[in-house]
Amino acid sequence: MSEALTRRKPRIPLNHRGKRPRFFEASGTDELMSMVLELTAELWVVKKRLYLLERVAGQAGVPLTPEIEAYDLNPEEVAELDGRRRLLIATVLRSLEVDHTGRSKMREEMEIMGAPVQSPGPGPGPA
Amino acid sequence: MIKDLSHDLRVVPSRDERTRQEFVASLRLHILADMAASMRARYEQRVLPRFQQEHGRSPADGDEVHDAMQDDRYFRFYSSIRYNAQEMVFRSVIPVVDRNLEDLNNRARARPGTAVLNPGLTVPKNVTNIDVHLSPGSYHSEYQSDDVSPGAIYDNSINVFAFNQMGKDVDDIGHSFANYVRLAFPDFRPKAILDAGCTVGHNTLPWAHTFPNAEVTGIDVSAGLVRYAAARASAFGKPVRFMQMNATQLDFPDASFDLVFSSMFLHELPLKDIRAFFREAHRVLKPGGLFLNMELPPNNKMQAYDRFYLDWDSYYNKEPWYKPFRDQDFPQLVAAAGFPADKFVEAVVPRYTYTPEAEFAARVASGAQFDDRTGRLGEEIEWYAFGAWKQKS
């Protein structure tokens, strides 16, 4: 994965020190709860972005839905999406990473997930 | 739903980061309103009757309710989701602060306000040894020289944490108690005011707003918070001084202040430090001055279930001193510092920001009344404070 994932070194730790409590007896349930919640957060991020995208495109007179169906991804775009998909998975599964000191990579990934997305071409940005 | 901070030290998230913050805020509201109501119903319908059957009585305190709730599936999901949401508050904010760190520190340097730092001060262990309320780096960690990031993390996190229920600039506590003092004690007009453990000064500036002729000082042990608080006050155009100082050992002469205030501070302190701060507050107050601490309400004023509910933070949220503090007898704690026993002051007020003036004034006049809204962050929270008047000479 590309330079996009290493271009920025985080300075502030994202994880608190200390052991996380266990609320459930069944092994893995606590981690699953974190996964579900992170997944839901990311799903909401995507849903809101799609909502905006459709409206912005519609305002700009772009009939988005048929164009999406017809779009061919180039190799760079495929690589970029591969990276983003891995970031999503790393976030959803973060609670399995029990080493609270050595998680800077995960932290870095989170940060990049939140970075503003470069527009692939000219056009009006969201308000 | 989450707005940018309204001052010049704001850091602006990307749209996805903001969407993530909004999700966390909505999740917290769901937990603290909807899930909290379901959990209470669950307790009343299932857990309490079972306890009564087994013991022939109701739970006597919060610990007994906590023990009885341990096996309840809903309580476990509530706790798990609430714990995760707390982590997610910070995860939704830290990357934004980190990305803007240089720019933020430059902006703070450009308008430093009045910050008096003490590089020789040892930050106490209750701050350094744990990441308080699961905040990575606690209140004090710095990552650059003259760093304000502890303040930025706190300011932005509480903006998400409070889901718009704690005032326009997360300053409702300050406004509520400054106006409480104005309305409850019309003959008392403080000229020198100290806010101890003030963090970023959210609740310090309202005193300067309500009492514009007063000299207002905020203190905190964290240099990063003090720098940020001073720059934030400067951005708001408020002439408030911030100093790096430990409340248990104040560098002020005796009889320096008319009012010593704190908010959401005592529950972060070991009991011996609370006692030391109270003695110092008594020393630096002028005769006839007022000591007032906004805090979570004491356990002895709450029903067993409400004690358990508020003590969740002590059990699970890295707030180890929260319950030991709330278990104290507050009048005794204040009297032990030298305040006259008959000068104890206690108040429960609605949020000033969201309450019409006349209604707020009527509540101030009617005295402290405790119920399940007292101190419980939700859509109807009411704030609690206690303290005392220092003996007039």
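Residues numbered from 1 in each chain as written. Chains lettered and ligands numbered in written order. Predicted model: local features only at pLDDT ≥ 70, side-chain atom pairs only at ≥ 80, totals over all residues.

## Thoughts on the overall build of chain B
Okay, so step 1: From N to C terminus, chain B includes 16 helices and 8 strands.
Okay, so step 2: Relative to the compact-globule value of 21 Å for 393 residues, chain B shows a C-alpha radius of gyration of 21 Å, a close match.
Okay, so step 3: Overall, chain B is about 65 × 55 × 40 Å in size when its C-alpha atoms are taken along their principal axes.
Okay, so step 4: Put simply, chain B has 393 residues, and 53% of those count as buried.
Okay, so step 5: Considering only contacts in chain B between residues 6 or more positions apart, those separated by 24 or more positions represent 78%. (Helix = DSSP H or I, 4+ residues; strand = E, 2+ residues; numbered from the N terminus. Rg over C-alpha atoms; globule rule 2.2 N^0.38 Å. Buried ≥ 20, exposed ≤ 12 C-beta atoms within 10 Å, placed from the backbone. Contact = placed C-beta atoms within 7 Å.)

## Some details on the overall build of chain A
Okay, so step 1: In terms of regular secondary structure, chain A is built from 4 helices and 0 strands.
Okay, so step 2: Listing the helices and strands of chain A from first to last along the sequence gives α-α-α-α.
Okay, so step 3: Looking at chain A alone, contacts between residues at least 24 apart form 76% of all its contacts between residues at least 6 apart.

## Regarding the packing of helix α1 (residues 29–59) of chain A against helix α3 (residues 73–91) of chain B
Okay, so step 1: With their axes 10 Å apart at the nearest point, α1(A) and α3(B) run at an angle of 55 degrees to one another. If you check the angle between α1(A) and α3(B), you find them oblique. The interaxial crossing formed by α1(A) with α3(B) has right-handed handedness. On α3(B), the residues touching Asp30(A), Met33(A), Ser34(A), Leu37(A) and Ala41(A) of α1(A) are Ser80(B), Ile81(B), Asn84(B) and Met88(B).
Okay, so step 2: Grouping the constituent residues of the contact of α1(A) with α3(B) by class yields 5 nonpolar, 3 polar and 1 charged. (Axes fitted to C-alpha atoms, helices over the stretch in contact; angles between N-to-C directions. Parallel < 35°, antiparallel > 145°, perpendicular 65-115°, else oblique. Left-handed = near helix turned anticlockwise from the far one by under 90°. Nonpolar A, V, L, I, M, F, W, Y, C, P; charged D, E, K, R; others polar.)

## Here's the deal with the nonpolar core
Okay, so step 1: In this structure, Val24(B), Val97(B), Phe177(B), Tyr228(B), Ala229(B) and Val260(B) are the most contacted members of the largest nonpolar core, which totals 121 residues.
Okay, so step 2: If you tally residues by element for this core, the top one is helix α1 (residues 15–55) of chain B, at 9 residues. (Core = buried A, V, L, I, M, F, W, Y, C linked by C-beta atoms within 7 Å.)

## Some points on the confidence of the model for chain A
Residues and elements named next belong to chain A.
Okay, so step 1: Here chain A averages 74 in pLDDT, while 69% of its residues score no lower than 70.
Okay, so step 2: In the model of chain A, helix α4 (residues 104–114) stands out as the element of lowest mean pLDDT, 50, in contrast to α1, which has the highest, 91.
Okay, so step 3: Low pLDDT, under 50, characterises residues 98–104; the predicted model gives this stretch 5 contacts beyond four residues in sequence or across chains.
Okay, so step 4: Scored below 50 in pLDDT, residues 115–127 shows 9 contacts in the model against residues more than four places distant or in partner chains. (pLDDT = per-residue confidence, 0-100.)

## Some remarks on the interface of chain A and chain B
Where the parts come together, the accessible area they lose is often given as the size of the interface.
Okay, so step 1: If you look at the interface, chain A gives 27 residues, while chain B gives 32 residues.
Okay, so step 2: A total of 9 residues in the side of chain A that touches chain B trace back to one element, the largest contributor, which is α1(A).
Okay, so step 3: Of the residues assigned to the side of chain A that touches chain B, the class counts are 16 nonpolar, 5 polar and 6 charged.

## Here's the deal with the sheet that holds strand β4 (residues 241–244) of chain B
Residue and element names in this part refer to chain B.
Okay, so step 1: Pairing is mixed across the open sheet formed by 8 strands, whose spatial order is β1-β4-β3-β2-β5-β6-β8-β7. The sheet is open, and its two edges are formed by β1 (114–116) and β7 (344–350), each paired on a single side. On average, adjacent strands in this sheet sit at an angle of 20 degrees to one another, irrespective of strand direction.
Okay, so step 2: Where strand β2 (residues 192–196) and strand β3 (residues 215–220) come together, 5 bridges link them in parallel fashion. Bridging from a neighbouring strand, Leu194 pairs with Thr217 of β3.
Okay, so step 3: The sheet strands contacting helix α8 (residues 172–184) are β5 (257–263), β6 (285–295), β7 and β8 (382–389), and the helix crosses β6 at an angle near 140 degrees. (Pairing = 2+ DSSP bridges.)

## With respect to the packing of helix α7 (residues 149–161) of chain B against helix α10 (residues 223–235) of chain B
Residues and elements named next belong to chain B.
Okay, so step 1: As a packed pair, α7 and α10 sit with axes 6 Å apart at the nearest point and diverge in direction by 70 degrees. In terms of orientation, α7 lies roughly perpendicular with respect to α10. Each of Ser149, Pro150, Gly151, Ala152 and Tyr154 in α7 lies in contact with α10, whose residues at this interface are Gly224, Leu225, Arg227, Tyr228 and Ala229.
Okay, so step 2: Of the residues assigned to the contact of α7 with α10, the class counts are 6 nonpolar, 3 polar and 1 charged.

## A word on the environment of Pro119(B)
Okay, so step 1: Mapped onto the elements of the fold, Pro119(B) is located in the loop between β1 and α6 (125–128).
Okay, so step 2: Expressed as a C-alpha distance, the spacing of Pro119(B) and Ala223(B), which sit 104 residues apart in the sequence, is 8.1 Å.

## A word on the pairing of β2(B)
For a regular strand, side chains alternate in direction, first toward one face of the sheet and then toward the other.
Residue and element names in this part refer to chain B.
Okay, so step 1: Burial analysis of β2 places 4 of its 5 residues in the buried class, which makes it a mostly covered element.
Okay, so step 2: Between the parallel elements β2 and β3, the chain passes through helix α9 (residues 205–210) in a crossover that is right-handed.
Okay, so step 3: Pairing of β2 with β5, which is carried by 4 bridges, proceeds in the parallel orientation. Its bridge partner being in β5, Ala196 is matched across the sheet by Ser262. (Right-handed = clockwise from strand over helix to strand, strands pointing away.)

## Quick notes on the environment of Phe163(B)
Residue and element names in this part refer to chain B.
Okay, so step 1: With respect to the element layout, Phe163 can be found in the loop between α7 and α8.
Okay, so step 2: Separated by 177 residues in sequence, Phe163 and Pro340 place their C-alpha atoms 39 Å apart.
Okay, so step 3: If near-sequence neighbours (up to four positions away) are discounted, Phe163 is found in contact with Ala25, Arg28 and Leu29.

## Overview of unusual backbone geometry
Residue and element names in this part refer to chain B.
Okay, so step 1: One non-glycine residue, Leu134, lies in positive phi territory at about 65 degrees.
Okay, so step 2: Tracing the sequence through the fold places Leu134 in the loop between α6 and α7.
Okay, so step 3: Positive phi outside glycine occurs at Ser138, with the angle close to 50 degrees.
Okay, so step 4: Its place among the elements puts Ser138 in the loop between α6 and α7.

## Side note on the pairing of β6(B)
Residues and elements named next belong to chain B.
Okay, so step 1: Here β6 lies mainly inside the structure; 8 of its 11 residues are buried.
Okay, so step 2: With 6 bridges joining them, β5 and β6 adopt parallel strand pairing. Across the sheet, Ser263 pairs through a bridge with Met294, a residue of β6.
Okay, so step 3: Traced from β5 through helix α11 (residues 271–284) to β6, the parallel crossover comes out right-handed.
Okay, so step 4: Looking at chain direction, β6 and β8 are connected through 6 bridges and run antiparallel.

## Here's the deal with the environment of Ile153(B)
Residue and element names in this part refer to chain B.
Okay, so step 1: Mapped onto the fold, Ile153 is located in helix α7.
Okay, so step 2: Owing to 28 C-beta atoms within 10 Å, Ile153 belongs among the buried residues under this scheme.
Okay, so step 3: Expressed as a C-alpha distance, the spacing of Ile153 and Asp98, which sit 55 residues apart in the sequence, is 9.2 Å.
Okay, so step 4: Sequence-distant contacts of Ile153, that is, excluding residues within four places in its chain, are made with Val93, Ile94, Val97 and Ser135.

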